[in-house]
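Summary of the model geometry
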Amino acid sequence: MTVALSPLSPDEGRALLAHARAAIIARLEMLPPPALADPAPRLLVPQAAFVTLRLADRMRGCIGSLATLRPLAETVAGCAAAAATQDPRFPPLQRREMSGISIEISALDPPFPVRDLSEIVLGRHGLVVTGGARRGLLLPQVAGQEGWDLRAFLEA
């Protein structure tokens, strides 16, 4: 199966980035999650998303959801807070690290099956691989970040 990036407008992207940062700070300070003031209509539509945190160009956390049960703004806030504190690959983020954290938000369309490999567009489509109860996802931007062609993307 594959997922496609769902582009955000510059204003939507800025609003979500600020919201994600506020959600992380709230979690680190053990405060309730923040509400997004005056959200654009698009941010209130249920949508899947992943949030990737980087510190000094190295991944520091990445959590997401392929479910479309909550509005995009809520999904992003929850994933951002979880990426900072619950990604099992990393220790919880420390408040002092926040000044160096960069946040990448991937708003995703629902997964769909691929019938032919020619349907996959690198940089636009990611891959969802399922085996038993386990599932993994390569975000659409990973192929470009790693310099992969389609074959390398599929092998990864």
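Before any of the text, the structure's been laid out above.
What you are looking at is a predicted structure, and each value in this text was computed from that prediction instead of being measured.

1. What about the nonpolar core?
Ranked by size, the top nonpolar core spans 20 residues in total, and within it I24, V51, L53, V76 and I103 carry the most contacts. Element by element, the count of residues in this core is highest for helix α2 (residues 72-85), at 7 residues. With residues near it in sequence (within four places) discarded, V51 still touches G61, C62, I63, V76, C79, A80, A83, I103, E104 and I105. Core analysis: the next-biggest nonpolar cluster, separate from the first, contains 9 residues, F50, C62, L66 and L108 among them.

2. Here's the deal with the packing of aromatic side chains
What the rule picks out here adds up to 1 aromatic pair. Seen in terms of ring centroids, W148 and F153 are 6.3 Å apart; in terms of plane orientation they differ by 40 degrees. Their pairing is tilted.

3. Side note on the pairing of strand β5 (residues 125-131)
Looking down a regular strand, the side chains alternate between one sheet face and the other. Sheet analysis places strand β1 (residues 2-4) next to β5, joined by 3 bridges and oriented antiparallel. Along β5, the bridge assignment pairs A4 with H125. Pairing of β5 with strand β6 (residues 134-138) involves 5 bridges; the strand directions are antiparallel. Across the sheet, residue V128 finds its bridge partner in β6, namely L137. Linking β5 to β6, which pair antiparallel, is a turn of 2 residues; within it G132 sits at a positive phi near 65 degrees.

4. Notes on the sheet that holds β1
Strand order in the open sheet made by the 3 strands is β1-β5-β6, with antiparallel pairing throughout. Both edges of this open sheet fall to β1 and β6, since each of them pairs with a single strand only. Here the strands of the sheet are splayed against their neighbours by 25 degrees on average, with no regard to which way each runs.

5. Some details on the state of the cysteines
Considering all chains together, one arrives at 0 disulfides under this definition. Free cysteine: C62, not disulfide-bonded; nearest cysteine sulfur from C79 at 8.8 Å. On the basis of relative accessible area, C62 is assigned to the buried category, the value being 14%. Overall, the relative accessible area of 5% leaves C79 in the buried class.

6. A closer look at the sheet that holds strand β2 (residues 48-55)
Pairing is antiparallel in the open sheet, where 3 strands are placed in the order β3-β2-β4. Two strands close off the open sheet at either side, each with one partner strand: β3 (58-65) and β4 (101-108). Each adjacent strand pair in this sheet contributes to an overall mean axis angle of 15 degrees, direction not counted. Relative to β4, β2 runs antiparallel, the two sharing 8 bridges. Residue F50 lies in a different strand from β4, and its bridge partner there is S106. Of the strands in this sheet, β2 and β4 touch helix α1 (residues 10-28), which is tilted by about 120 degrees from β4. Across the face of the sheet, α2 comes into contact with β2, β3 and β4 while running at roughly 35 degrees to β2.

Quick notes on the rules
Counting of residues starts from 1 at the beginning of each chain's written sequence and follows it residue by residue. Local features are withheld for residues below a pLDDT of 70 in this predicted model, meaning they are given only at 70 or higher, and side-chain atom pairs are given and counted only at 80 or more; totals for whole chains, interfaces and linings count all residues. Each side-chain value is derived from all of the structure's non-hydrogen atoms; neither hydrogens nor water enter the calculation. By convention a nonpolar core is built from buried Ala, Val, Leu, Ile, Met, Phe, Trp, Tyr and Cys residues, the set being connected through side-chain atoms within 4.5 Å. Under the scheme applied here, a residue whose accessible area is under 20% of the maximum for its type counts as buried, over 50% as exposed, and between as partly exposed, the area being computed with a 1.4 Å probe on protein chains only. Strands are runs of DSSP state E lasting at least two residues, helices are runs of H or I lasting at least four, and both sets are numbered from the N terminus onward. It only takes one pair of heavy atoms within 4.5 Å for two residues to be counted as in contact. To pair, rings of Phe, Tyr and Trp, with the six-membered ring standing in for Trp, must have centres within 6.5 Å; the planes then decide the type, stacked if under 30 degrees apart, edge-to-face if over 60, and tilted in the middle. Following DSSP output, two strands are said to pair if at least two bridges run between them. Here an angle of 0 to 180 degrees is reported between the N-to-C directions of two axes, which are lines fitted to C-alpha atoms, with helices fitted over the stretch in contact. When two cysteine sulfur atoms lie within 2.5 Å, the pair is treated as a disulfide.

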